Every structure is written in structure tokens, then in C-alpha cells.
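# Remarks on the overall topology
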Amino acid sequence: MPSNERLAVYGIRHHGPGSARAVREAIDRHRPDVVLIEGPPEADGLVQWVGPGLVPPVAVLSYDVARPSHAAFWPFAVFSPEWQALSWAVEHHREVRFVDLPAANVLAAPAVGRGDTGPVAPDLFAAPGPDETAEPDETPGPVQPPGLEAGRANPSGAAEGDPERDQPGAAELLGEALGSSSEPDPIRGDPIAVLARTAGYDDPERWWDDVVESRRGIDPFDAITEAMAELRAHAPPPVSVSEQAEETRREAHMRQKLRAALRDHERVAVVCGAWHAPVLAGRLGPASTDQALLRRMPRVKVATTWVPWTHSRLAFSSGYGAGVHSPGWYQHLFTATDSVIERWFTEVARVLRRHDLPVSSAHAIEATRLADGLAVLRGRPMPGLEEVQEAALAVMCDGNATTLRLVTKDVVVGEELGAVPDGAPTVPLDADLRAEARSARLPLAPQSKDVVLDLRKDIDRRKSRLLNRARILGINWGVTQQIGGLGTFKEGWQIRWRPDFAVAIVVASAWGTTVASAAAARLVDSPGGLPDVTGRVERALVADLPHTLPPLLAALDDRAAHESDVAVLMEALPALVRAQRYGTVRGTDTSLLVSVTDALLARITAALPAALGGLSPEAAVGVRGHVDAVTAAVGLLGDVDRAAWHAALRRVLTRSEVPGLLAGRLTRTLLDAGELAADEARASVGRALSHRPTVADRAAFAEGFLSASALLLIHDPTILGVVDAWVSGLSADDFVEVLPVLRRAFGSFNQPERRAIADAAARLGRAMADQPPTEDLPYLDMAEAMATVRLLLRGRDDAA
Amino acid sequence: MTIDPSVLRPHAEHEFAYELAALARTDDRPRPANWRLSPWAVVTYLLGGTLSDGTVVTPKYVGSRRLIETAVATLTTDRALLLLGVPGTAKSWVSEHLAAAVSGDSTLLVQGTAGTAEEAVTYGWNYARLIADGPSADALVPSPVMVGMETGAVARIEELTRMPSDVQDALITVLSEKALPIPELNSQVQARHGFNVIATANDRDRGVNELSSALRRRFNTVVLPVPSTAAEEVQIVTKRVAELGRALHLPPADNAEHEIRRVVTIFRELRRGVTEDGKTSLKVPTGTLSTAEAISVVTSGLALATHFGDGVLRASDVAAGIRGAVVKDPVADATTWAEYLETVVRERADWRDFYRAARDAGG
């Protein structure tokens, strides 16, 4: 388009670095007085924030003031043509107008009776959620608000909102979301990709580079507009009538804004999706038709603001359909001025090194050569993403697809986080958090305050829920505190609101617009290994987000099935058992949890005997901790589970190669649980102390058996006698060898206990001569009473 | 070059001499030094296509084009190529055809075994000459790798990880310096353009000698996967069976398609541990159940049908072969196979004949 004309229309590919570069150059030549950009007009007021403080990726966020969960986003990356146009205008002090349909109308799109269009995505961020059935396609982000495409409804019914919060319309939104899964339209979504595919390119950016960029002298945008006119003439109409209506209305609105701009200004530039370019570049037609189209559209009151965005949210892979597969690659293409491929592989090598993989500069050199070789072989002027990924796989990752995934995640997608200047309008998450805090009567006070919540009370449960949800979002407003008492219905918190939570809120707003939905989305996003997943399950329960449980438990079951290390399984179990108890206190349904816990316990009991055999003494120390933790946890479960666990422990004890420490501890556990008769226990202690292969192993048995608590030694003279006889029978050298172990075992007892043992041992010496000491008998008879007293005095540490 | 008809299995460059010649004739793209064909033509040779003069090039490898392109592009750089994969994923097959297309010679081959000595990858001596005349170039017996270096051809190393580590490491100098010192003669052999090494290794085997990172760094790795779809695998099996049948003078079997599809289905289901409809989980046998094994099951079934049957491949001809391929561990795999027969095969109405045949074969 010759730069002397009044109007220039740039049909672009959203998030296309090639388009971005071309737009920047073309605008710079044309030097318009006003730049019209496809986006909600409400964002006009946000242009003032464009400057050094606003670092892409960022997004324009519009939300229904009455219902913050009703929101739409228009993301911008540095390589977005819209962003380039915007920054050019701001740098050159030209006016910017956003010309798409107002968000006020888009968000007012009635949800009822328009099943095929779907509501405005209540929460795009819920996309990483577990249920991505209604996942949208690669419709361009910045311009087409979610409400306009079929199937753009919240892809994750599970992560949306909180059913208990009684959000008006939440249920119908959910229904809508599930119902509107009609295929989105690729031609309207990314028409340039369609052209590229027609030409045999799988990467539209390469097509742009090869075909558009390399033809110097011709303005690419004229050709694009022409191609689009052709495409529009032959493309099938949108599937549904309402979609057709939306498209017509949006284009009518754009034309109206264009007419106004042409009235006000001499030179006008329009940056819009390529699809719309033909209707704006040609004759605009009579204004009255467009006016009629735009009459009587429903509106809601909306607030619009900038929010920081991330590369992973731009990426297609996060389930947010408006994005691109490879924001990191695009950013690199856009920013790297020379040695594009070399710089790329240097970055890949750096990332792999960060993951402790041995990648040298030689690898980067060879990868560059291979990528170049592949490009030549395929007759392409420069390696594209495909070539660099294949070269990275063959050279740097040893053909290992898992390693390549690291590259994809950290470099091809990248983890760039945008920033928004201080003072920009607030995000809906902030508003929602404040509203929740008010209704839970939690002041956002900077003074530190300790509170004890009684979870049997509704208001306290709300407080706990909010604090826990905030914590999931990285807003550490409350810190849990240890409080006395055995009850599970009390919870201690230290609450302190810090001003810098504002940052955390903005960061967290990338996950959702309400505290509940954001916390849920955050919780189900890319769970890690087994311990991580169990931790999340626990947090899901305390934060009262039960709808995140099914996906988390599915992940848990999956991790457990593939976990071969029984220690990891044992580590996971206590948290789940605790979670069950919290769940019961908080009145959540934990039946699903019960079945997963049972399955996990079954896996543990099946694997335990084989896993504990032949452990080294060092490894046994770690496993003892796990066994104790599982024993304590199983104590909270039903009789069936307890019996299964004890049966497994018995099976372990029948194996000969179990290390002494564990054998001792398991014998003690069974004795304490009443699974092993006292006589039997005495006999096995005697056997172990005389027959175990080495002195060290016998000492380890003694440590495992004794260190649990001192009372047994004080009150069971037979056991004490067995131990006493063993110790006194040791040779001088052996005694020196076992001394540290015994000291460790006895060192865990407190002073009075040690004295009592010493007294008992002294009596034992005397008693050898004549009769059994009379004072032992009452103790034995009083065992149950003693247990109760013990419980009262010492808390739960030896409740078993 | 004419093919000696009495040879059981001709080399690739002989069997496909016609295609190679046609490719060389029509190929007008630049060829790297000492290459018989351009990289583009090598890819065409492996994946098949129709040339500008109408010659039809048969596909040698059925699978991802991008993998073959990566492999060929690697050979154009001076990095060696390592083909990795479970047994029976056509690693050696690809390696042979790559060498045939690039150098016109696929015979510079070192077979890696636990007993491979360093002489096999460097050089040995003709001891009679050595004792008679002392060390001289005439007494030297070059290895295939050394010949490749001298002539600028591609040398192949099969089962690289089966070689002892010290023998593997003898390759490091060859691959990094492109030279092979001969201290006895105080000289060295320097590689000419066109020299490269294609190695294959199996990532499923136990007890292999892992490559040292120094050596690994000299290789670009291409992982050859098991066929991704059933249709692709059926195509591979059908094609190879036909070729093998020709070589073994078996008459082409009629109606083999049905049985081949069944063999491939069984192999895929057991390999993945789930039925094709995704409804039933299965135990996975200890063997790899590669495409190559499927091919041999069908080929031996064809032989049975030809020599002992009516020439039509039937369920009974493949049943015993499949059982043999699945049951590698007499206890565990026998259970797996019996479970599969009873839970899956028996339920399929059109598989009755196979169920009976498998039971007869000792299922």
C-alpha cells in the first residue's frame, strides 16, 4: 500500500513475529495520525500505561463488575503486531483507538438460550484444569474475545468457581461449557495458517518468512488483503447463525470506528486480524446499515485493566486456545537480530546445563550445523522450529524425547513473565479476595495477630478456607501455628497482611478471577511426583476445593501405580490419612479419598516385605521413620486397614534378611499394638540378641526395639532381664562396639526414665537371688490405666 | 552389477542397483564430495517416490520422513550417526540402505559382539608377512572402518553397545580426528571426504556396554520408533513378507492380508498392554514383539502354507509362530498368552479359527 494514501489496513497474524516486524516497518513508513487496533474500546483508557513499566507479555482484561468471574482477556506479547503498533503510536505520540466490539457488549452476551455460542469464558485460566474437553482451537487471542467463538466457554468445568459460593448462574455456565463443544473455525481463527498449510507449510511463520518477507518491494499487506478477500469469498459461513451475527456485528463496529477516525484524522492505520482486512480496506458502504446492526445490544458494566501474562499462558499447550505453540521461539525470532540459530542453540544448551545435563559448546555447534543441513535438505532458506527441535533431539538430547520436553518447556515456550506498572487498575482477583475477606470477617490488617479457629463454626471454617486458598496462590497471609490439644477441629493461624501481597495477587490473577477458581486452577496445574500430589490433595481439602480432588486423586493413583520405591509410597500415605480426617471435620465427602488411600496401603503392604529385605543399616534408619509414620497414620484408619498393615509387618519379620534396626522396631510395633503376645515378644528379643549375625546387628535390633519408649523396660522385668543378660554377656571389645548404639537408644529417654531403668536393672540384680519384685505386679495389672495416664501426660507421641 | 541368483540375500546396492542408477541419472542437486547421490536423492531412495523419468523407487523404510531427513543431514555433517531403537525397528535395514545410497557399498560392516577386538575397528596384521618382512604397509590388514576412511565411504557398525568399552573407545580418535594412527609404521590414515560411520544400538538389551560420554558426543542420535499405527505396521509386514517370499522362492500367498492384519493386531496389543479398542488391559510379555518378529511369523506361516498346506495362509499356519514369538519366558509369558487367548481372542467372533488353532498349538 503506497504510503501516501490516507488509510492503511494491515491484516496481520495474531502473535506472528513476521507480521509484527512488517507492521512496525509499514507503520513507520506510513506515519498515521491515529492507529486503530482490533481490541475492546474500553482499553483506550489503558493506553496511558504503555511505557517502561508495562512489560509484555501482558493482557488487557475486561470483567463484569457484578460478576468478576465473567472476564475476557486480550494478551499481547512483544512479538504481537498489535503490541508493536501500540508501542509505535505511544512512542510517536499518536492516538490509539481500539475498534472491536466493546467488552461491555461481549460480556453481556446472554448465556441462556444461546447454547451454541456459549457464554464468555468465565475463567480462561481454568484451562490447565483437568477437563479440557471443550478446548478451543488456535483462535487468535487478542482480538476475538472468548465469548465470540463457539466452544470458547470455560474449558474446565471442574475448576470453575466454587459451587458453594452460590454464584448466580454458575451452574448454567457449567452446563453451557460442557454443552458447547462444537468445533471452532480454523479459517476464521488463523487464516494465514490456512494459507500456509495450503502452500505446504506446517509453520505459518515460516510461510510468512519465505513468501511474504522475502518478496521485497511489494507491500505484503496488500497481498494478504487480496488473498483474504479470495478466502472469504470461498470459505463456508460460520457453523451457527449467532456466530455469523457476531462476526457481522464486530465488522460493522470496526467500520463505524474507522469512519469516525477518517472524519477526525488525516492519516489512519488499522491493525486487525487478516480475516477482517478486506472489509475495512475496500469501500466501507453505507453507515446506516452498520448502525442498524449495532443497535440495541445488551451491555453490562465492565472494568478493564492490564494484567501480567506469561509465555506459558500464551502457549497453546496450556490449553488456552488463543495462543501460539512456541512463544519462546517467536520471541527469539523477533528479538534476535543476527546469528539466530546459533543464539538459539546456545540458549538451549544453557537450559539443558541447568538441568545438569552435560551439554558443551561443541553440541551447540553441531546442532547448528545439523539444523542448517536439514534446512538445505528440505529446500528452506533458514532452519525453522521443526529443524532446530529435530537437531536438538539428535545432537543435544541423545534422541531422548523426555529431555527434549525440557527444551520445549523452558525454551520453545519459555517462562517469560510480564509486568504491570504500579497504580494500574486492580484485577478482579483482588476485588474478589477483598470481598471474601469481608464476608469472612478477616481484616486485611498489617498488624500480626494470632487466631485460633474452631472448625465446627461456620464463620471460622470460612476463614480457614480463605487463608488456605490464599496460601495456595502464594499469598502467605496466614501462617499455621502449632496449638495445644489433640482435637482436629482447632486450627492456629498467625495472620498478617503485607502490602507486597499486591504483587502476589497480580501474579496469581493469571490463574483465575476469583480466589476459588484461581486456587483450584493453580492446584491442578502440572502436578509433580507422588509426594507433591499428596500434598496437593491435603491442600485441596483444607482449602475446601473438593472438585479438584478427582483429577488430583487420578494423578495420585497414576503416580502410585508407577512408583516402585515403597519408601515414596509410605511417605505419601500419612498426608492422605490426615487429609481424610480434615475432610471429615470439614464435612467434605472423602469417599474417593478413602478408596485411594486403601489402594495405596494395599500397594505398600504388597511391596513391603520384599522392599525391607537386604536393606543396608543406613537405609534402614530412613525406612524406620517411614514405617513409624505409616503405623501412626494407620492407627487412625479402620480395623481392616490396621489388620492388613500388621499382617504385612508380620510377613516382614518372617524374612531373615531384614536389618536389625527394622526387625527390632517392627517387633516393638506389633507388641505395642497387641498383635504379638508378651511371651512371644520376649522370645523373639532373646532370639534376636543371641542369634543375629553380628554384634552390630544385634545392637541395632536392641535400638529399634527399645528406642520407641522407655516404659517397656521399666515395667517388663523379663525384657529388661533379656537385655541385661545380653549386655553383661558382651565381651569387652563387643561392648565398646555396641556402646554408641545403646547410648543412642537410651539417650532418647528423659532423665527420670533413665533413672527408673537403672533402678529396675539394679533390682533385677538383687531379684536374681530370691523372689520376683512385688511392686511389678500392680504395674502389670494397671497397664490400661497406665496407658491412659501416659496419654494425658505426654500427648500423642506414644499413644500407640 | 548383476545379481547372482543363487545368493540368498543380495546386498542392497545389488538388489536395488536399478533404482540407484536411475536416481544417480536424474539427480541434478549438489552432491557432497564422494557421495553417489545428493542428500535429497538419498532420502527419496529410502522413502520411495517417482522420479522425473518415470522410474518408481520403492520405499525401503516406512515411517517418519523427518527421521530419515535428520539421519541423512547428519551424514552430510562430519558427525557420525547412531540409530537407536528396540530390536526389530529396522535399524540395520536403514543403516544398510543409507550406506548403499551414499557410498554405493553397504559391505564395510563391523558386527559388534562381546568378542569384537580392537583390530575389527582399527587394523590387524597378516602375521606371516609381519614375521617374514617386519612391519610394513603390506603386512597391515585394514578394518572396514579403515577402508572407509581411505576410500571416503560410509562404514557401518552393528550393535555398537555390544562391543567391549575399550573397543568402542578406539573409535573416538577416528571420529574426532578423522585419522587413524599406525604407530608401528609411524604413519597414519587420514579420512577422505565422504567417510562417516553409521552405528546401530539397541536400547532394550540388558548387559550392554553403555557408550562413554566422549564417544556419545561424536554421534547424532536418531531413535527409530515402533510403527505408530496398525495400518503402517501391516504395510511394513506385507511388504517385507513379499520381498522375503521372493528371495526364498515362496509363491505369493493369496488372502494373506487378513492373517497379517491379525498378527500385527496381536503383536501391537501385547506390546502396548491394552487392546486396540482400549477396553481391556493386558499383561505385557517379556519379549519385544517387534515388527521384525511379526514379519518372521508371517514368513514361516507362508512356508508352512506353501509346503504343507494348500497355499493359503490360514490361522493354523501362524498360530504356532505367534506363540513362539510371545512366549519367551516359559512361566510368565505362558500365563500372559493364555490370559490373552481366553480374555481377548475368545471374545472375538471372527477370530474363532485362530482361537482353535492357538489352543491346538499348545495355548
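Our structure is the block above this text.
Below: a short report on this structure. Predicted, not measured: the structure shown is a model, and the values here were computed from it.

What counts and how
Residues numbered from 1 in each chain as written. Chains lettered and ligands numbered in written order. Predicted model: local features only at pLDDT ≥ 70, side-chain atom pairs only at ≥ 80, totals over all residues. Heavy atoms only, no water. Helix = DSSP H or I, 4+ residues; strand = E, 2+ residues; numbered from the N terminus. Buried < 20%, exposed > 50% of the residue type's maximum accessible area, 1.4 Å probe, protein only. Contact = heavy atoms within 4.5 Å. Axes fitted to C-alpha atoms, helices over the stretch in contact; angles between N-to-C directions. Parallel < 35°, antiparallel > 145°, perpendicular 65-115°, else oblique. Left-handed = near helix turned anticlockwise from the far one by under 90°. Nonpolar A, V, L, I, M, F, W, Y, C, P; charged D, E, K, R; others polar. Phe/Tyr/Trp six-rings, centres within 6.5 Å; stacked < 30°, edge-to-face > 60°. Lys NZ or Arg CZ within 6 Å of the ring centre and 35° of its normal. Salt bridge = Lys/Arg side-chain N within 4 Å of Asp/Glu carboxyl O. Patch = residues over 30% accessible without salt bridge, like charges linked within 9 Å, V, L, I, M, F, W, Y side chains within 5 Å. Areas by Shrake-Rupley, 256 points an atom, 1.4 Å probe, with all protein chains shown as cover. Lys, Arg positive; Asp, Glu negative; His and termini not counted. Charge placed at Lys NZ, Arg CZ, Asp CG, Glu CD. Expected span 1.5 Å × (residues − 1). Core = buried A, V, L, I, M, F, W, Y, C linked by side-chain atoms within 4.5 Å. Pairing = 2+ DSSP bridges. Buried area = accessible area lost by both parts, 1.4 Å probe. Arc of directions from axis to C-beta. Polar contact = N/O pair within 3.5 Å; in protein donor to acceptor, adjacent residues only side chain to side chain.

### Points about the overall build of chain B
In terms of helices and strands, chain B carries 15 helices and eleven strands. Within chain B, the fraction of its 363 residues that count as buried is 50%. Of all intrachain contacts in chain B linking residues separated by at least 6 positions in sequence, the fraction that spans at least 24 positions is 70%.

### Some thoughts on the packing of helix α18 (residues 428-439) of chain A against helix α19 (residues 458-472) of chain A
Residue and element names in this part refer to chain A. Remark: α18 packs on α19, axes separated minimally by 9 Å, with the N-to-C direction vectors making an angle of 155°. Considering their axes alone, α18 and α19 lie roughly antiparallel with respect to each other. Remark: the crossing between α18 and α19 carries left-handed chirality. Of the residues in α19, those in contact with Leu433, Glu436, Ala437 and Ser439 of α18 are Ile459, Arg462, Leu466 and Arg469. The residue inventory of the contact of α18 with α19, partitioned by class, reads four nonpolar, one polar and three charged.

### With respect to the packing of aromatic side chains
Residues and elements named next belong to chain A. Tallied over the entire structure, the rule returns twelve aromatic pairs over all chains. Each ring, one from Tyr10 and one from Phe221, has its centre 5.0 Å from the other, and the planes form 65°; the classification is edge-to-face. One end of the pair, Tyr10, is in strand β1 (residues 7-12); the other, Phe221, is in helix α8 (residues 220-234), with 211 residues separating them in the sequence. Site record: aromatic cluster; members linked through ring pairs are Phe76, Trp83 and Trp306. When the ring centre of Phe705 is taken as reference, the NZ or CZ atom of Arg668 above it lies at 5.8 Å.

### Description of the pattern of salt bridges
If you walk through the whole model with that rule in mind, you get 47 salt bridges over all chains. Arg6(A) serves as the salt-bridge partner of Glu266(A), at 3.9 Å between the closest nitrogen and oxygen. Of this pair, Glu266(A) sits in the loop between α9 (241-264) and β6 (268-273) while Arg6(A) sits in the segment before β1, placing them 260 residues apart in sequence. The class of Arg6(A) is partly exposed, set by a relative accessible area of 35%. Salt-bridge contacts for Asp133(B) lead to Arg129(B); the nearest nitrogen and oxygen are separated by 3.3 Å. Remark: Arg129(B) and Asp133(B) occur in helix α6 (residues 127-133); sequence separation between them is four residues, near one turn of the helix.

### Digging into a negative patch on the surface
Residues and elements named next belong to chain A. Together, Glu5, Asp222, Glu226 and Glu230 make up a negatively charged patch on the protein surface. Structurally, Asp222 can be placed in helix α8. The exposure class of Asp222 is partly exposed, given its relative accessible area of 30%.

### Description of helix α25 (residues 591-612) of chain A
Residues and elements named next belong to chain A. With 22 residues, α25 extends 31 Å between its outermost C-alpha atoms, agreeing within 8% with the 32 Å of an ideal straight helix rising 1.5 Å per residue. Turning to α25, its buried residues number three or more, namely Leu593, Val596, Thr597, Leu600, Leu601, Ile604, Thr605, Leu608, Pro609 and Leu612. Of the residues trailing α25, Gly614 is marked for its positive phi of about 70°.

### What about the nonpolar core?
Counting residues in each nonpolar core, the largest one holds 183 residues, and the members touching the most others are Phe345(A), Met396(A), Ile475(A), Trp477(A), Trp645(A) and Leu98(B). No other element matches helix α24 (residues 566-586) of chain A, which puts nine residues into this core. Beyond its immediate chain neighbours, meaning those up to four positions away, Trp477(A) contacts Ala437(A), Leu442(A), Pro443(A), Leu444(A), Leu466(A), Leu467(A), Ala470(A), Gln494(A), Ile495(A), Arg496(A), Trp497(A) and Phe501(A).

### Observations regarding the packing of helix α16 (residues 385-396) of chain A against helix α17 (residues 401-413) of chain A
Residue and element names in this part refer to chain A. Where α16 contacts α17, the axes come no closer than 9 Å and their chain directions differ by 135°. Judged by the inter-axis angle, α16 sits oblique to α17. Between α16 and α17 the crossing geometry is right-handed. In this structure, α16 uses Leu385, Gln389, Ala392 and Leu393 to contact α17, whose residues at the interface are Ala401, Leu404, Val407, Thr408 and Val412. Classifying every residue of the contact of α16 with α17 by side-chain character gives seven nonpolar, two polar and no charged.

### A short note on the sheet that holds strand β8 (residues 449-454) of chain A
All names here are of chain A. Strand order across the open sheet formed by three strands is β8-β10-β9, with antiparallel pairing between neighbours. The open sheet has two edge strands with one neighbour each: β8 and β9 (478-481). Recorded for the sheet is a direction-independent mean angle of 35° between the axes of neighbouring strands. By the bridge criterion, four bridges tie β9 to strand β10 (residues 490-495) in an arrangement that is antiparallel. The residue of β10 that forms the bridge with Thr480 is Trp493. The strands that α19 touches are β8, β9 and β10; relative to β10, the one it contacts most, it runs at about 55°.

### Regarding the interface of chain B and chain A
Contacts between the two partners involve 19 residues from chain B and, on the opposite side, 17 residues from chain A. Summed over both sides, the interface between chain B and chain A buries roughly 1,500 Å², with carbon and sulfur atoms accounting for 56% of that surface. Our count for the contact surface shared by chain B and chain A stands at five salt bridges. Measuring nitrogen to oxygen at the nearest pair gives 2.2 Å for the salt bridge that ties Glu69(B) to Arg378(A).

### Let's talk about the sheet that holds strand β3 (residues 58-64) of chain A
Residue and element names in this part refer to chain A. Strand order in the open sheet made by the three strands is β4-β3-β7, with antiparallel pairing throughout. Two strands bound the open sheet, and with one partner strand each, they are β4 (71-76) and β7 (302-308). Looking at each pair of strands side by side, their axes are set apart by 20° on average, direction ignored. By the bridge criterion, seven bridges tie β3 to β7 in an arrangement that is antiparallel. Its bridge partner lying in β7, Ser62 is registered against Thr304.

### Some points on α8(A)
Residue and element names in this part refer to chain A. Helix length check: α8, at 15 residues, gives a terminal C-alpha distance of 21 Å against a target of 21 Å (1.5 Å per residue), a fit within 8%. Of the residues making up α8, those classed as buried are Pro220, Phe221, Ile224, Thr225, Met228 and Leu231. Within α8, the buried residues cover an arc of 130° as seen down the axis, which keeps them to one side. Within α8, the exposed residues directed more than 90 degrees away from the buried face are Glu226, Ala233 and His234.

### Focus on the pairing of β6(A)
Residue and element names in this part refer to chain A. Counting buried residues in β6 gives six out of six residues, a clear majority hidden from the surface. Pairing between strand β2 (residues 34-37) and β6: four bridges, direction parallel. Paired with Ile37 across the bridge in β6 is Val271.

### Section: the side chain of Thr548(A)
All names here are of chain A. As for its placement among the helices and strands, Thr548 is situated in the loop between α22 (530-542) and α23 (549-562). Using a relative accessible area of 2% as the deciding quantity, one classes Thr548 as buried. There is a polar contact of 2.7 Å between the side chain of Thr548 and the backbone oxygen of Leu545.

### Notes on the pairing of strand β7 (residues 154-158) of chain B
Residues and elements named next belong to chain B. Of all five residues that make up β7, five are buried, and the element is covered over most of its length. Side-chain alternation along β7 places Val154, Arg156 and Glu158 on one buried face and Ala155 and Ile157 on a second face that is also buried. In this structure, strand β4 (residues 109-111) lies alongside β7, joined through three bridges in parallel fashion. Bridge pairing links Leu109 to Arg156 in β7.

### A few points about the environment of Leu455(A)
On the secondary structure map, Leu455(A) appears in the loop between β8 and α19. Between the C-alpha atoms of Leu455(A) and Phe489(A), which are 34 residues apart in sequence, the distance is 5.0 Å.

### Considerations on the environment of Arg262(B)
Residues and elements named next belong to chain B. Tracing the chain through its elements places Arg262 in helix α11 (residues 256-272). Judged by its relative accessible area of 2%, Arg262 falls in the buried class. Sequence separation between Arg262 and Ala315 is 53 residues, and the spatial gap between their C-alpha atoms is 9.0 Å. Beyond its immediate stretch of four places on either side in the chain, Arg262 contacts Ala315, Asp350, Trp351, Asp353 and Phe354.

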